[in-house]
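# Geometric and topological summary
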Amino acid sequence: MHFAVVITLSAFLIFLVQPLIAKQILPWFGGSAAVWTTCMVFFQTALLAGYAYADWAPRRFGVAKHAKIHAVLVTLSLIALPITVSAFWKPADGAAPIPQILALLAATIGLPYVVLSATSPLVQIWFSRTHPLRDPYRLFALSNTASLVALLCYPFLVEPRLVLRDQAWGWSILYAVFVMLM
């Protein structure tokens, strides 16, 4: 049951944070295709980094040692909270936006996003080692369901009812709960 809760919460958070962060920075950088594309490139790259880490680290360090390393990374990711974007990141007139957007996203959500993206494959590995006779792929289905729920919740439930600051704090609180469960 614990594995399912962790995977569900991580998938929900990973797909909820994308529109939340993008909406915070759009007033500063505009809604051009370059801004949206830069955000998508960042999120896809961070997702790939999380998957690569989830594949490489357990094989490199072994599951037990890697679990300790991962616990440190998960705990360290709390320094990014709350995920409110500081005015420090507001662009100067005429500044090239793409490098600044990438730096902003890396600093505000980078490590939590990589941790979240690594969670589903890692937890499935840990589940299969803990319960070798049980199929871990139902956890994959839970992850996909939670992702879809997050994508549907944001425009219909979260965005219309909460201001951005409250959205960011709510996400940050849920992320802290995820860290405790992890």
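Refer to the structure printed above.
Summarised in this report is the structure supplied together with it.

What counts and how
Residues numbered from 1 in each chain as written. Predicted model: local features only at pLDDT ≥ 70, side-chain atom pairs only at ≥ 80, totals over all residues. Heavy atoms only, no water. Salt bridge = Lys/Arg side-chain N within 4 Å of Asp/Glu carboxyl O. Helix = DSSP H or I, 4+ residues; strand = E, 2+ residues; numbered from the N terminus. Buried < 20%, exposed > 50% of the residue type's maximum accessible area, 1.4 Å probe, protein only. Expected span 1.5 Å × (residues − 1). Bend = angle between axes of the 7 residues up to and from the residue.

As a further point, take the pattern of salt bridges. Summed over all chains, the structure comprises two salt bridges. The salt bridge involving K23 is made with E159; its shortest N-O contact spans 2.5 Å. Here E159 lies in helix α5 (residues 137-161) and K23 lies in helix α1 (residues 2-29), a separation of 136 residues in the sequence. Its relative accessible area of 31% is what places E159 among the partly exposed residues. For D55, the salt bridge identified is with R59, shortest N-O distance 2.7 Å. Of the two residues, D55 and R59 are both situated in helix α2 (residues 33-61); the distance of four residues between them amounts to about one turn of the helix.

Another point: helix α4 (residues 97-130). In a regular helix each residue adds 1.5 Å, so 34 residues correspond to 50 Å; α4 covers 46 Å between its end C-alpha atoms and thus fits that length. Roughly 65 degrees is the biggest bend found in α4, and it falls at I109, with proline P112 one to four residues downstream.

Taken by themselves, the reported measurements are silent on function.
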